[in-house]
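# Breakdown of the fold
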Amino acid sequence: MRIGIIGTGNMAQTLGAAWARAGHDLAIAGRSPEKARALADTLADAPGAAVAVPVEEVAVGRDVVLVVVPWDAAEAMVAQARIPAGTAVIDATNAVAHGIGTLLIEPGESMAGRIAQAAPGAHVVKAFHTFPSYQWTQPPTGRAPIVVMSGDDPGALKAVGELARDLGGDPVVLGGSDRARQLEEVAGFIIELAVNGHDPSAAVPAA
Ligand SMILES: NC(=O)c1ccc[n+]([C@@H]2O[C@H](COP(=O)([O-])OP(=O)(O)OC[C@H]3O[C@@H](n4cnc5c(N)ncnc54)[C@H](OP(=O)(O)O)[C@@H]3O)[C@@H](O)[C@H]2O)c1
């Protein structure tokens, strides 16, 4: 797939590296062109191609665009990227204060919905926000992590599901965009438990 990545931090590095290993073609953009170039350089030996581009070009000709900047910068960066209608957009942001799981957005809102408004006609999928970035540094052994996602467009969900499988994940669709806030609340629950030293997986029933 041709993937655009908005952001150059932890999530961009780990997801970008995993997808470059899987042979995908990446365009990376951030507010720092130097950091975008440095990240693309680290992926030079991977089977997939990786180039640094200006934010305005990160969505050009891309099948999927990943948004991995802080929640309060996401809408501005997405608007700057002028993502074409029909593009699949992965929202992996978490609008929570570090260590505190309550959402910082207004009641009833979701970040996925806010990003959808900044990219009219794009197909937003909420995904990858429930795992720490280091989850994806190596292919998982044992039980595949379930990558829960929500979105309205079947083609976008299929593409994001394939990208989840490339990480060793097991994609599961939990409804449409109206479920995005619930998925965002789940991440807040996980983050608060984890930061306070509890294993979040122990707080849900074992299979
Ligand atoms: N880290 C995780 O484990 C994890 C897991 C799930 C979801 N998430 C979510 O994924 C997103 C990215 O997390 P991360 O850990 O990759 O963050 P990070 O390592 O701090 O990287 C953040 C990226 O966003 C850029 N950025 C920061 N402020 C900005 C602004 N005002 N305008 C434009 N760009 C800005 C940074 O650029 P500079 O380097 O120039 O500052 C950097 O490229 C966040 O929404 C986070 O909640 C993170």
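Before any of the text, the structure's been laid out above.
Residues numbered from 1 in each chain as written. Predicted model: local features only at pLDDT ≥ 70, side-chain atom pairs only at ≥ 80, totals over all residues. Heavy atoms only, no water.

### Some points on the site of the ligand
Under the convention used in this document: We call a residue near a molecule or strand whenever a single non-hydrogen atom of that residue lies within 4 Å of it. Pairs of N or O atoms are called polar contacts if they sit within 3.5 Å, as long as, within protein, a hydrogen donor faces a hydrogen acceptor (for residues adjacent in sequence, only side-chain-to-side-chain pairs). Here the accessible surface of atoms and residues is derived via Shrake-Rupley with a 1.4 Å probe, and residues count as covered only by protein chains that are part of the display.
Surrounding the ligand, one finds 21 residues, the nearest of these being Thr8, Arg31, Lys35, Val69 and Ser133. Within the backbone of methionine 11, a nitrogen or oxygen atom sits 2.8 Å from an oxygen atom of the ligand. Taking arginine 31, its side chain carries an N or O atom lying 2.8 Å from an oxygen atom of the ligand. In the complex, the protein chains occlude 72% of the 900 Å² of accessible area that the ligand would expose alone.

### Section: the packing of aromatic side chains
Selection criterion: Pairs were defined over the aromatic rings of Phe, Tyr and Trp, the Trp ring being its six-membered one, requiring ring centres within 6.5 Å. Orientation was assigned from the angle between planes: stacked under 30 degrees, edge-to-face over 60, tilted for the rest. Between buried and exposed lies partly exposed: a residue is buried under 20% and exposed over 50% of the maximum accessible area for its type, with that area taken using a 1.4 Å probe on protein chains only.
Using the criterion set out here, one finds 3 aromatic pairs in the structure. Considering the side-chain rings of phenylalanine 128 and tryptophan 136, the 6.2 Å spacing of their centres and the 90° angle between planes classify their relative orientation as edge-to-face. On the basis of relative accessibility, which here comes to 1%, the residue phenylalanine 128 falls in the buried class. A ring pair is formed by phenylalanine 131 and tryptophan 136, whose centres lie 5.4 Å apart and whose planes are at 75°; its orientation type is edge-to-face. Here a set of aromatic residues connected by ring pairs shows up, and it is made of Trp19, Phe128, Phe131 and Trp136.

### With respect to the nonpolar core
Using the following cut-off: We define the nonpolar core as a collection of buried residues of types Ala, Val, Leu, Ile, Met, Phe, Trp, Tyr and Cys that are connected through side-chain atoms lying within 4.5 Å of one another. Helix and strand definitions follow DSSP, with helices as H or I runs of at least four residues and strands as E runs of at least two, each counted in order from the N terminus. Here a residue-residue contact requires only that any non-hydrogen atoms of the pair lie within 4.5 Å.
Membership of the largest hydrophobic core comes to 34 residues, with the highest contact counts inside it found for Trp19, Ile90 and Phe128. When residues of this core are traced back to their parent elements, those giving at least two are strand 1 (2-6), helix 1 (10-21), strand 2 (25-29), helix 2 (33-42), strand 4 (64-67), strand 5 (88-91), strand 7 (146-151) and helix 5 (154-166). If we ignore the near neighbours within four places in the chain, the residues touching tryptophan 19 are Ile3, His24, Leu26, Leu66, Ile90, Phe128, Leu163, Asp166 and Leu167.

### Topic: helix 6 (residues 180-195)
The condition that has to hold: How far a helix is expected to stretch is found by multiplying one less than its residue total by 1.5 Å. Our arc is simply the arc of the directions from the helix axis toward the C-beta atoms.
An ideal rise of 1.5 Å per residue puts 22 Å on 16 residues; helix 6 measures up with 23 Å between its terminal C-alpha atoms. Those residues of helix 6 that sit buried are Ala180, Arg181, Leu183, Glu184, Ala187 and Gly188. Within helix 6, the buried residues cover an arc of 160° as seen down the axis, which keeps them to one side. Buried residues belonging to helix 6 abut strand 5, helix 4 (111-118), strand 6 (123-126) and strand 7. Among the residues trailing helix 6, glycine 197 stands out with phi positive, at a value near 85°.

### So, helix 1
Taking 1.5 Å of rise per residue, 12 residues should cover 16 Å, and helix 1 covers 17 Å from first to last C-alpha, within 8% of that figure. Those residues of helix 1 that sit buried are Met11, Ala12, Thr14, Leu15, Gly16, Ala18, Trp19 and Ala20. Summarising the contacts, the buried residues of helix 1 are in contact with strand 1, strand 2, helix 2, strand 4, strand 5 and helix 5. Glycine 23 occupies a position one or two residues after helix 1 and carries a positive phi of about 95°.

### Description of the environment of glycine 48
Turning to its location among the elements, glycine 48 is positioned in the loop between helix 2 and strand 3 (50-52). Residues within four places of glycine 48 in sequence aside, it is in contact with Ala20, Gly23, His24 and Leu43.

### A short note on the pairing of strand 8 (residues 170-173)
Put simply, the rule reads: Following DSSP output, two strands are said to pair if at least two bridges run between them. The handedness rule is simple: strands pointing away from the viewer, and a clockwise path from the first strand over the helix to the second, make the crossover right-handed.
In this sheet, strand 8 lies alongside strand 7 in parallel orientation, the contact comprising 4 bridges. Bridging across to strand 8, valine 148 finds its partner in valine 172. Remark: the strand 7/helix 5/strand 8 crossover connection has right-handed handedness.

### Concerning the pattern of salt bridges
How we decide: Salt bridge, as used here, is a side-chain nitrogen of Lys or Arg placed within 4 Å of a carboxyl oxygen of Asp or Glu.
What the rule picks out here adds up to 8 salt bridges. The salt bridge involving aspartate 25 is made with arginine 62; its shortest N-O contact spans 3.1 Å. Of the two residues, aspartate 25 sits in strand 2 while arginine 62 sits in the loop between strand 3 and strand 4, which places them 37 residues apart along the sequence. Aspartate 25 sits in the partly exposed class, given a relative accessible area of 24%. By relative accessible area, which is 11% here, arginine 62 ends up buried. Sharing partners across several salt bridges, the network here consists of Arg2, Asp25 and Arg62.

On their own, these measurements won't tell you what the molecule is for.
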